[in-house]
Amino acid sequence: MFSGKKILIGISGSIAAYKTILLVRRLVKAGAEVKLVMTPAAKEFVSPLVLETLSKNKVYTGLAEGAEWANHVMLGRWADVMVMAPLSCNTLAKMAHGICDNLLLAVYLSATCPVILAPAMDEDMWKHPATQNNLKTLAAYGNKLIPVNNGELASGLYGDGRMAEPEEIVLFLEENIFRKDILKGKKAVVTAGPTYEAIDPVRFIGNHSSGKMGFAIAEDLYRQGADVTIVTGPVQIQTRYKGIDVIRVQSAKQMFHICESKLAIADICVMAAAVADYTPVSPATQKIKKQEGGLTIELEQTNDILRFAGANKKAGQFLAGFALETEHEKENAIKKLKSKNADCIILNSLRNSQAGFGVDTNEVTILDRWGGETLISLADKKEVAAQIVSYIISKMNA
Ligand code: CTP
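Remember, predicted model here, so these are calculated numbers, not experimental data. (Residues numbered from 1 in each chain as written. Predicted model: local features only at pLDDT ≥ 70, side-chain atom pairs only at ≥ 80, totals over all residues. Heavy atoms only, no water.)

With respect to the site of the ligand
Condition: Being near a molecule or strand, for a residue, comes down to having at least one heavy atom within 4 Å of it. Here a polar contact is recorded for every N or O atom pair within 3.5 Å, except that within protein the pair must consist of a potential hydrogen donor and a potential acceptor, and residues adjacent in sequence are included only if both atoms are side-chain atoms. Throughout, the Shrake-Rupley method with a 1.4 Å probe supplies accessible areas, and for residues the shown protein chains are the sole cover considered. Counting from the N terminus, the helices are the DSSP runs of H or I reaching at least four residues and the strands are the DSSP runs of E reaching at least two.
Not every one of the 16 residues close to the ligand is listed here, only the nearest: Met271, Ala273, Phe322, Lys336 and Lys340. Here an oxygen atom of the ligand sits 2.7 Å away from a polar atom, N or O, in the main chain of alanine 273. At a separation of 2.8 Å, an oxygen atom of the ligand approaches a polar backbone atom of phenylalanine 322. When the ligand is considered free in solution it has 570 Å² of accessible area, and contact with the protein chains removes 76% of it. For the shell around the ligand, the secondary structure elements donating two or more residues are helix H11 (305-311) and strand E19 (318-324).

In structure tokens:
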């Protein structure tokens, strides 16, 4: 997502400047090209040498250094986005009033790209009406604010005013600046994780699905611009994006009911959940006590969500299912493709111990209704998800 992106970071005088070192490292590792401009006060808090080394670029601190003039106009125009992190109370106030008494302010005033603000200051300064009014002015100029955090401040007091953490700034950029619009306006529903079918109040029938594959697909659909809902069974993981709607359920029945309404308005449906095929007919209302002999639990079939989606597929909707087969893999997957009226079945490989449940990697073959067969070789689930999503986009645009 950051590969080849040009990010200009402005640092002003604040203790939080130490976090910018980590931000630069994180962005450079993700493939971004990072340039930095510092106010004279910022040099008291963090060394330009550290930032130059990490960014692999010259750090600009003054309008004229030696015989060289720093071209503030070109710096502002070079960037895809400018991030003011940390943004001190003083620099924030100057930006709001168009003051231009250092290089960073000159670059800000000549920047034509989006500008993101990550303020850092003490709580009393943050809450002062002057600062709040300055923020309103900057918002009216189109600058976007990453809210401050609450916690321990440089003064030793606790309150609002901590600069957002580097990872929060990275996420903000992902969601608000670099999200693509290939799937803009499209709605996607992804099921993920296992389902738990209650036997009694403390026991259930479940499976080992971690939800990682479904979440990775949902996140990639979101990165491509889709509005995404994940309907997930009980899993430990969270999505990294605030904009993804996560609906958590327990049982196959609950998952079916949520999907029933969501599928009707979805453009893309990916059924990645390992939904239980059977559920106890009458779960005990009290814990089942151990008795002599064995125990028989009567099970009934659950609703098949993928089959329901296939039977009610609307024009232009893309429907993907998954399959995990232990024998006659392709033959069985193709049977599922046809009987459930899916557009494709993503067949998990069981031959590779590094693929499938509980591991971070996967290897799949996509079998589709047009007779196509696409192999996605062993890779991190996020990479596999990205390839599945680009396959879906190619079929939707075909
Ligand atoms: N699926 C579903 N609802 C169910 C059962 C399965 O939506 N109640 C979906 C899964 O999310 C997956 C696909 O159907 O996308 C195939 O699931 P799988 O368990 O492999 O197939 P089944 O149809 O249940 O057949 P079997 O277990 O006999 O292989």
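From this point, the narrative continues.
Notes on the packing of helix H1 (residues 17-29) against helix H2 (residues 48-55)
Formally: Lines fitted to the C-alpha atoms define the axes, with helices restricted to the stretch that makes contact. Angles between their N-to-C directions range from 0 to 180 degrees. If an angle is under 35 degrees, it is roughly parallel; if it is over 145, roughly antiparallel; if it lies from 65 to 115, roughly perpendicular; otherwise it is oblique. Only heavy atoms enter the contact rule, under which two residues are in contact if any of them lie within 4.5 Å. Gly counts as polar in this scheme, as do all residues outside two lists: the nonpolar Ala, Val, Leu, Ile, Met, Phe, Trp, Tyr, Cys and Pro, and the charged Asp, Glu, Lys and Arg.
Between H1 and H2, whose axes approach to 9 Å, the crossing angle comes to 10 degrees. Relative to H2, the element H1 is oriented roughly parallel. In this structure, H1 contributes Ile21, Val24, Arg25 and Val28 to the contact, and H2 contributes Val50, Leu51, Leu54 and Ser55. For the contact of H1 with H2, the residue count by class is 6 nonpolar, 1 polar and 1 charged.

Looking at the sheet that holds strand E11 (residues 187-192)
Just so we agree on the cut-off: Here, strands pair whenever DSSP counts at least two bridges between them.
The strand order across the open sheet built from 8 strands is E15-E14-E11-E16-E19-E20-E21-E22, with neighbouring strands paired in mixed fashion. The open sheet has two free edges, formed respectively by strand E15 (245-248) and strand E22 (373-380), since each of these has just one partner strand. Strand-to-strand twist of the sheet, defined as the mean angle between neighbouring strand axes without regard to direction, takes the value 15 degrees. When strand E14 (residues 227-232) meets E15, the two strands line up parallel, connected through 4 bridges. By the bridge assignment, valine 231 is partnered in E15 with isoleucine 247.

Points about unusual backbone geometry
Residue proline 86 is reached from alanine 85 by a cis peptide bond, and omega for that bond is -5 degrees. The phi torsion at lysine 56 lies on the positive side, around 60 degrees, for a residue other than glycine. Of note, lysine 56 is situated in the loop between H2 and strand E3 (59-60). Residues other than glycine seldom take positive phi values, yet asparagine 341 does so here, at roughly 55 degrees.

Re the domain arrangement of the protein chain
So the rule is basically this: A domain assignment, automatic or from a database, supplies the domain bounds used here. When two parts are brought into contact, each loses some accessible area as probed by a 1.4 Å sphere; the total of that loss over both is the buried area. Note on definitions: salt bridges are taken to be side-chain nitrogens of Lys or Arg within 4 Å of carboxyl oxygens of Asp or Glu.
Taken domain by domain, the protein chain consists of domain 1 (6-176) and domain 2 (187-396). For domain 1 and domain 2, the distance between their C-alpha centres works out to 42 Å. The interface is formed by 6 residues belonging to domain 1 together with 5 residues belonging to domain 2. Summed over both partners, the interface of domain 1 with domain 2 buries about 420 Å², with 33% contributed by carbon and sulfur atoms. Of all residues in domain 1, Leu171, Glu174 and Glu175 give up the largest surface area on contact with domain 2, accounting jointly for 89% of the area buried on that side. Taken together, the connections running from domain 1 to domain 2 amount to 2 salt bridges. Among the salt bridges present, the one from arginine 240 reaches glutamate 167, with a minimum N-O distance of 3.4 Å. Ranked by residue count, the leading element in the side of domain 1 that touches domain 2 is helix H8 (residues 166-176), at 5 residues. Taken together, the residues of the side of domain 1 that touches domain 2 break down into 2 nonpolar, no polar and 4 charged.

Digging into helix H12 (residues 329-339)
Rules: The rule is simple: take the accessible area with a 1.4 Å probe, protein chains only, and divide by the maximum for that residue type; under 20% is buried, over 50% is exposed, in between is partly exposed. The directions considered for the arc are those from the helix axis to the C-beta atoms.
Turning to H12, its buried residues number three or more, namely Glu329, Ala333 and Leu337. Around the axis of H12, the buried residues are gathered within 65 degrees of arc, so they sit on the same side. Turned more than 90 degrees away from the buried face of H12, the exposed residues are Lys335 and Lys338. Of the surrounding elements, those touching the buried residues of H12 are E19, strand E20 (344-348) and strand E21 (361-368). Backbone geometry just after H12 places asparagine 341 at a positive phi near 55 degrees.

With respect to a nonpolar patch on the surface
For clarity, the threshold we go by: Only residues whose relative accessible area exceeds 30% and that form no salt bridge are eligible for patches; like-charged ones are grouped when within 9 Å, while nonpolar side chains (Val, Leu, Ile, Met, Phe, Trp, Tyr) are grouped when within 5 Å.
A cluster of nonpolar side chains, contributed by Tyr278, Leu295, Ile297 and Leu299, occupies part of the molecular surface with about 380 Å² of accessible area. Note on placement: isoleucine 297 falls in the loop between strand E17 (278-280) and strand E18 (299-301). A relative accessible area of 34% means that isoleucine 297 is categorised as partly exposed.

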